[in-house]
Amino acid sequence: MLNQNKGNRAYKLFDFLHRHIIAIIIAVVICASIISTIAIVKGDAGPKEQDQDGENVSYVSMNAIYLAMDEVSTLNPLISQDEDTYYISQLIFSSLFRLDESLNIQNDAVSSYTVDTQSGSVSLKLKENVKFSDGSSLTAEDVQFTVRQILQIGEESPYYEYASKIESVDTSGNYSLTIQFENPGDAALDNLVFPIVSSSDYSTSQERSMGSGQYRCSSYDRGKSLSLSPNKYYHGNAAENKIQFKVIPDKSKTLGLMTTDAITAYMSTSQDADVEAEDKKLNAQKINSSELEFIGFNFECDFLSDARVRKAIAKAIDTESLITDDYGGAAISADSIYFPGFLGTKNEGDAYPQNQSEAAELLSECGYVDTDEDGILEDKKGKKVQLSILVNSNRENRADAAYSIAEELQEIGIDAEVESVSWSTYRSRIRSGDFDLYIGGYKFDKKYDLSALFSKNNSINYRNQQILDSVEQLETCLTAEGQKKVYQQLKKELQEDLPYYCLCYKVYTFVTVEHFNSEESPTFFDIYRGCSSWTWEKTVVQEDSGDEEDTSETN
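Residues numbered from 1 in each chain as written. Predicted model: local features only at pLDDT ≥ 70, side-chain atom pairs only at ≥ 80, totals over all residues. Heavy atoms only, no water.

### Re the packing of aromatic side chains
Phase 1 of the analysis: Considering all chains together, one arrives at 30 aromatic pairs under this definition.
Phase 2 of the analysis: Centroid distance Tyr338 to Tyr487: 5.1 Å. Interplanar angle 65°. Geometry classified as edge-to-face. Remark: Tyr487 occurs in helix H15 (residues 480–497) and Tyr338 occurs in the loop between strand E15 (331–332) and helix H10 (356–365); sequence separation between them is 149 residues. Comparing Tyr338 with Tyr487 shows no difference in burial state: the two are buried.
Phase 3 of the analysis: With centroids separated by 6.0 Å and ring planes inclined at 70°, the aromatic side chains of Phe510 and Phe516 adopt a geometry described as edge-to-face. Just as Phe510 is buried, Phe516 falls in that class too.
Phase 4 of the analysis: Three or more aromatic residues joined by ring pairs form one cluster here, namely Tyr338, Phe339, Phe342, Tyr442, Phe444, Tyr448, Tyr487, Tyr505, Phe524 and Phe525. (Phe/Tyr/Trp six-rings, centres within 6.5 Å; stacked < 30°, edge-to-face > 60°. Helix = DSSP H or I, 4+ residues; strand = E, 2+ residues; numbered from the N terminus. Buried < 20%, exposed > 50% of the residue type's maximum accessible area, 1.4 Å probe, protein only.)

Structure, rendered in structure tokens:
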């Protein structure tokens, strides 16, 4: 009976399978499809492909961004001098205003504002939905408290230069306040970009503090890692990614780590970063920096005091060749010594493209001729036109550019000699005015206050009150529209008088893993801009043996 029962059961099972075979096949296919799409390492596996080495690979969508950082002394934003803390703080903290990619003012915690340019005061109304990561509201009291904290910390705070220009902060209710600057000439809104801390939470003795930005600090292991999670109370677009910072003792190895997906993206200031990225099959995007390379003309030199001569020198120079041959291609031409595209104006490139025949004509208009036909111009008294080009020898690309420029000036009849000297000698001679023209570099703060280049104590002995007034007007509490209008006129005046000639602006390289997308590009002052919505795919190599794939976390 037992054997018979077993046979009956087998027959019934076979009969069931026979009658439902189509439905069973469909169910198996559906299950297989579902299993194949299960996330590997918290992602969704894409279809198999073969890479350039012939290996079978698939790509997995990730919900975490992995970034490199140095070990920092503290994450406290108001006291830390660490560069990484500065950039990370922009993810954790709100500010009254932020700057867009063109350095235009944009509201952050501010809902509306009015300015009084005569008195140097700004009246602000805060957004009422800005909250710290514990759910408490950001109020006018927190702004007032932050300014006081920065002033108490003093020059050790990276934001002291901004807050030190503030005379008082008066509150009126929870969300209204008036900021009075000591000097109306220092009342620029881009002074109000410091991180706002919570008056109920912040202490200078704390290593980290609560913010109201897109992210909150979820964990921190000094010397090893920092984890940021989305701030669920953030008033703007919610962050889509988590961020994991890894302390990398040797940043030169970062691009190598990116080939294993251990690091997702990295901003490199290296001149050769794009070439190295291409070799490692990584993506590379050029990002404009705030590092200017320029020529300064000494206005105490009779020859250079004529604007036509300065323009002739500019027209003799091929900036594109300088960029390619002397700056390794890691730079761009710009039409002003201000940031390329400053305040939303269009960067037209070199304001004086190379044209040596036009350069020669300008010099001829000024009365310089080559009477003895030796290739060097003479003035009306028969004196040879000779110039020295001062440059610091510790910057190899700048020194190379000086020799290239000397050769180009020789071609239009100017006997130019390069004086490549030590950094200390270079600085001393510029301060004392002991040069004809010099090749210099300037790394600007994101505020782009160029007043020192045009003030009465400027190094080139330049005197132009109209231009100085315009430069200083940019540092008053103008609206974004007002700033742009002033700058558009200033740029024309600078191109016409040409006290400084922009050779180029250096660029940085934003390197990412191969399968990466972003809606916003980083900037030199906000290298993680838009990272909350970055998307990328991890490469997973699959074995041909049919064995189960290794789905362990490698990051």
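Here the narrative resumes, following the displayed structure.
### Here we look at the environment of Lys384
Phase 1 of the analysis: Along the chain, the position of Lys384 falls in the loop between H10 and strand E16 (386–392).
Phase 2 of the analysis: Along the sequence, Lys384 and Asp415 sit 31 residues apart, while their C-alpha atoms lie 7.9 Å from each other.
Phase 3 of the analysis: Residues in contact with Lys384, not counting those within four places in the same chain, are Asp372, Asp374, Ile376, Leu377 and Glu378.
Phase 4 of the analysis: Here Glu378 takes part through its side chain, which lies 2.9 Å from a polar atom of the side chain of Lys384. (Contact = heavy atoms within 4.5 Å. Polar contact = N/O pair within 3.5 Å; in protein donor to acceptor, adjacent residues only side chain to side chain.)

### Re the side chain of Glu475
Phase 1 of the analysis: Tracing the backbone shows Glu475 in the loop between helix H14 (465–473) and H15.
Phase 2 of the analysis: Using a relative accessible area of 6% as the deciding quantity, one classes Glu475 as buried.
Phase 3 of the analysis: Residues contacting Glu475, with those up to four places away along its chain left out, are Pro184, Gly185, Asp186, Ala187, Ala188, Lys447, Tyr448, Asp449 and Ser451.

### Examining the packing of H14 against H15
Between two packed helices, the angle of one axis relative to the other and the distance separating the axes together describe the packing.
Phase 1 of the analysis: Where H14 contacts H15, the two axes come as close as 10 Å, and the packing angle between them is 145°. H15 is crossed by H14, and the crossing has left-handed handedness. The residues of H15 that touch H14, namely those facing Gln466, Ile467, Ser470, Val471 and Gln473, are Val486, Leu490, Glu493, Leu494 and Asp497.
Phase 2 of the analysis: A breakdown of the residues in the contact of H14 with H15 according to their chemical character gives 5 nonpolar, 3 polar and 2 charged. (Axes fitted to C-alpha atoms, helices over the stretch in contact; angles between N-to-C directions. Left-handed = near helix turned anticlockwise from the far one by under 90°. Nonpolar A, V, L, I, M, F, W, Y, C, P; charged D, E, K, R; others polar.)

### Details of the side chain of Ser94
Phase 1 of the analysis: Its place among the elements puts Ser94 in the loop between helix H3 (83–92) and strand E4 (97–99).
Phase 2 of the analysis: A distance of 2.9 Å separates a polar side-chain atom of Ser94 from the backbone oxygen of Ser212.
Phase 3 of the analysis: Beyond its immediate chain neighbours, meaning those up to four positions away, Ser94 contacts Asp108, Val130, Phe194, Pro195, Ile196, Ser212, Gly213 and His235.

### Some details on the pairing of strand E10 (residues 215–221)
Phase 1 of the analysis: In terms of strand pairing, E10 meets strand E11 (residues 225–230) through 6 bridges, oriented antiparallel. Opposite Arg216, over in E11, you have Ser229 as the bridge partner.
Phase 2 of the analysis: Two successive antiparallel strands, E10 and E11, enclose a turn made up of 3 residues, where Gly223 displays a positive phi of approximately 80°. (Pairing = 2+ DSSP bridges.)

### A word on a negative patch on the surface
Phase 1 of the analysis: Together, Glu161, Asp445, Asp449, Asp469 and Glu472 make up a region of like negative charge exposed at the surface.
Phase 2 of the analysis: With respect to the helices and strands, the residue Asp469 is situated in helix H14.
Phase 3 of the analysis: Judged by relative accessible area, which is 39%, Asp469 ranks as partly exposed. (Patch = residues over 30% accessible without salt bridge, like charges linked within 9 Å, V, L, I, M, F, W, Y side chains within 5 Å. Areas by Shrake-Rupley, 256 points an atom, 1.4 Å probe, with all protein chains shown as cover. Salt bridge = Lys/Arg side-chain N within 4 Å of Asp/Glu carboxyl O. Lys, Arg positive; Asp, Glu negative; His and termini not counted. Charge placed at Lys NZ, Arg CZ, Asp CG, Glu CD.)

### Quick notes on the sheet that holds strand E6 (residues 110–116)
Phase 1 of the analysis: Taking strand neighbours across the sheet as the criterion, the 4 strands line up as E6-E7-E9-E8 in an open arrangement whose pairing is antiparallel. What marks the edges here is a single partner per strand, and that holds for E6 and strand E8 (166–171). Adjacent strand axes in the sheet meet at a mean angle of 20° when their direction is disregarded.
Phase 2 of the analysis: One ladder, built from 6 bridges, connects E6 with strand E7 (residues 121–126); its direction is antiparallel. If you follow Val110 over to E7, its bridge partner there is Leu126.

### Let's talk about the nonpolar core
Across soluble globular proteins, you tend to see nonpolar side chains buried next to one another.
Phase 1 of the analysis: One finds Leu96, Tyr338 and Phe454 to be the most contacted residues of the largest nonpolar core, which totals 153 residues.
Phase 2 of the analysis: Here this core gets 8 residues from one element, more than from any other, and that element is strand E19 (residues 500–512).
Phase 3 of the analysis: Excluding its chain neighbours within four sequence positions, the residues that come into contact with Leu96 are Asn107, Asp108, Ala109, Val110, Leu124, Leu126, Val143, Ile179, Leu192, Phe194 and Ile196.
Phase 4 of the analysis: Ile248, Met258, Tyr266 and Ala277 belong to the second-largest nonpolar core, a separate cluster that totals 9 residues. (Core = buried A, V, L, I, M, F, W, Y, C linked by side-chain atoms within 4.5 Å.)

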